[in-house]
Amino acid sequence: VNDLDPGSAGWLRVYYVLGTLSFAAFGLLLMAKLDESRVVPAKSGGLIGDFVAMIALCARPLVLVFVVSAFLYVLIEQSIMSWLPTFNNKILQLPATLSIEMASILAASTALGRFLAGFALRWLDWYKVLTVGMLLAALLVLVCLPLAGNVDASGVTSWFDAPIAAYVFPLIGLCIAPVYPAINSVILSSLPAPQHAPMAGLIVLFSALGGTSGSIVTGTLFEVFGGRTAFYFSLAPITLLLITLYFFKSKADSERRVVGHAEH
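Now for a description of the structure that goes with this document. As the structure is a prediction and not an experimental result, all values here were calculated from the model. (Residues numbered from 1 in each chain as written. Predicted model: local features only at pLDDT ≥ 70, side-chain atom pairs only at ≥ 80, totals over all residues. Heavy atoms only, no water.)

This next bit is on the overall build of the protein. A tally of regular secondary structure across the protein gives 11 helices and 0 strands. When the helices and strands of the protein are read in sequence order from the N terminus, they spell out α-α-α-α-α-α-α-α-α-α-α. Counting only C-alpha atoms, the protein reaches 70 × 40 × 35 Å along its principal axes. Looking at the 264 residues of the protein, the share that counts as buried comes to 37%. Sequence-distant contacts, at least 24 apart, represent 85% of the contacts inside the protein between residues at least 6 apart. Entry remark: accessible area of the protein is about 15,100 Å², with carbon and sulfur atoms responsible for 70%. Across the protein, the mean location of the 14 positive side-chain charges is 11 Å away from that of the 14 negative side-chain charges. (Helix = DSSP H or I, 4+ residues; strand = E, 2+ residues; numbered from the N terminus. Buried < 20%, exposed > 50% of the residue type's maximum accessible area, 1.4 Å probe, protein only. Contact = heavy atoms within 4.5 Å. Areas by Shrake-Rupley, 256 points an atom, 1.4 Å probe, with all protein chains shown as cover. Lys, Arg positive; Asp, Glu negative; His and termini not counted. Charge placed at Lys NZ, Arg CZ, Asp CG, Glu CD.)

Here you go:
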């Protein structure tokens, strides 16, 4: 990104790197030896039949609550991740290059959050961990966005003199990070192996819808009401996600009791 020439399209060259990495990842996956015999269905209805079977999974209350939860989580994550560089630039008044660089704090905190959650969930109940994380995320929004109200960063040129809000707000990734892998693990462990493939299809579908919706809604709010109001909007899906996680926990426990009773 060229701060002296904001209209420069030179940054588009990064996609050649990303494309190369994507081909490399595909090559690694192609060479990986995977035993999929346990998840192959006894009979397949073809492409249309498999798609119908995937959508039919939503008729199960557990799956329906899950896809709503996944939709809301990705909506929250992408609405912040997509517009954080713009928030840094327009609201915190950071240079364009520094705005993008400091947005990487969100990606780093999300990665760290999932790494730490992997250890925490070995001893703690997943629902309690996610609930505390979402409450902390809401608190972070309420505490940090006011800090962005009267920022004068006109002389900021590096990470060392950036305002505190540029460092603290992206830590929301640390709070919300455990949600996605945890609920995916719960739903997949609640379904028989042959249904994992159609369930994965639903995960991809509703994650894509959530990410797209979050980016569009936040962008519209950003333009109409300003960046601070747009990010305050994240409190709405955070609240809804807390509600759906409660019902998801209840449905997952009910499903587990039914399976346990059937086994006995």
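This part is about the pattern of salt bridges. Taken as a whole and assessed by the stated rule, the structure comprises 3 salt bridges. Residues Lys249 and Asp125 are paired through a salt bridge, measuring 3.3 Å at the closest nitrogen-oxygen approach. Note that Lys249 is positioned in helix H11 (residues 235–263) and Asp125 in the loop between helix H4 (96–120) and helix H5 (126–147), a separation of 124 residues in sequence. Of the residues examined, Lys249 reaches a relative accessible area of 17% and is grouped as buried. For Asp125, a relative accessible area of 29% translates into the label partly exposed. A salt bridge links Asp253 to Lys249; the nearest nitrogen and oxygen atoms lie 3.6 Å apart. In this pair, Asp253 and Lys249 both sit in helix H11, 4 residues apart, roughly one turn of the helix. The structure contains a network of salt bridges with shared partners spanning Asp125, Lys249 and Asp253. (Salt bridge = Lys/Arg side-chain N within 4 Å of Asp/Glu carboxyl O.)

Quick look at helix H3 (residues 61–90) now. Helical geometry: 3.6 residues make up each α-helical turn, so side chains three or four residues apart lie on a common side. With 30 residues, H3 ought to run about 44 Å at 1.5 Å a step, and its terminal C-alpha atoms sit 43 Å apart, in line with that. At Leu84, H3 is deflected by roughly 50°, the largest bend along its length, and proline Pro85 occurs up to four residues later in sequence. (Expected span 1.5 Å × (residues − 1). Bend = angle between axes of the 7 residues up to and from the residue.)

In this section: the state of the cysteines. Disulfides are covalent bonds that connect the sulfur atoms of two cysteines. In the structure shown here, the tally under the stated rule is 0 disulfides. Cysteine Cys144 shares no disulfide, and the gap to the nearest cysteine sulfur, in Cys175, comes to 9.4 Å. On the basis of relative accessible area, Cys144 is assigned to the buried category, the value being 2%. Residue Cys175 is classed as buried on the basis of its relative accessible area of 14%. (Disulfide = S-S within 2.5 Å.)

The subject of this paragraph is empty space enclosed by the protein. In the structure shown here, the tally under the stated rule is 1 cavity of 30 Å³ or more. Residue lining of the largest cavity: Ile76, Glu77, Ile80, Leu106, Thr110, Ile172, Gly173 and Ile176, and that is the complete set. Only H3, H4 and helix H7 (172–176) provide two or more residues apiece to the lining of the largest cavity. Grouping the constituent residues of the lining of the largest cavity by class yields 5 nonpolar, 2 polar and 1 charged. (1 Å grid on protein atoms, 1.4 Å probe; cavity = no way out; pocket = protein on both sides within 12 Å on 5 of 7 lines; lining within 4 Å. Points joined across faces, edges and corners; volume = space filled by probe spheres on them. Nonpolar A, V, L, I, M, F, W, Y, C, P; charged D, E, K, R; others polar.)

Okay, the nonpolar core next. With 62 residues, the main nonpolar core has Phe66, Phe87, Ile183, Met199 and Phe248 as its most contacted residues. If you tally residues by element for this core, the top one is H3, at 13 residues. Ile183 has contacts with Phe66, Ser69, Ala70, Trp126, Leu130, Leu245 and Phe248, leaving out every residue within four places of it along the chain. (Core = buried A, V, L, I, M, F, W, Y, C linked by side-chain atoms within 4.5 Å.)

This part is about the packing of H3 against H4. At their nearest, the axes of H3 and H4 sit 6 Å apart, and the two run at 150° to each other. Of the possible angle classes, the one that applies to H3 and H4 is roughly antiparallel. For the crossing formed where H3 meets H4, the hand is right-handed. Taking contact as the criterion, the partners of Tyr73, Glu77, Ile80, Met81, Leu84, Pro85, Asn88 and Asn89 in H3 are, on H4, Ala96, Ser99, Ile100, Met102, Ala103, Leu106, Thr110 and Arg114. When the residues that make up the contact of H3 with H4 are grouped by side-chain class, the tally is 10 nonpolar, 4 polar and 2 charged. (Axes fitted to C-alpha atoms, helices over the stretch in contact; angles between N-to-C directions. Parallel < 35°, antiparallel > 145°, perpendicular 65-115°, else oblique. Left-handed = near helix turned anticlockwise from the far one by under 90°.)

These values are about where atoms sit, not about what they do.
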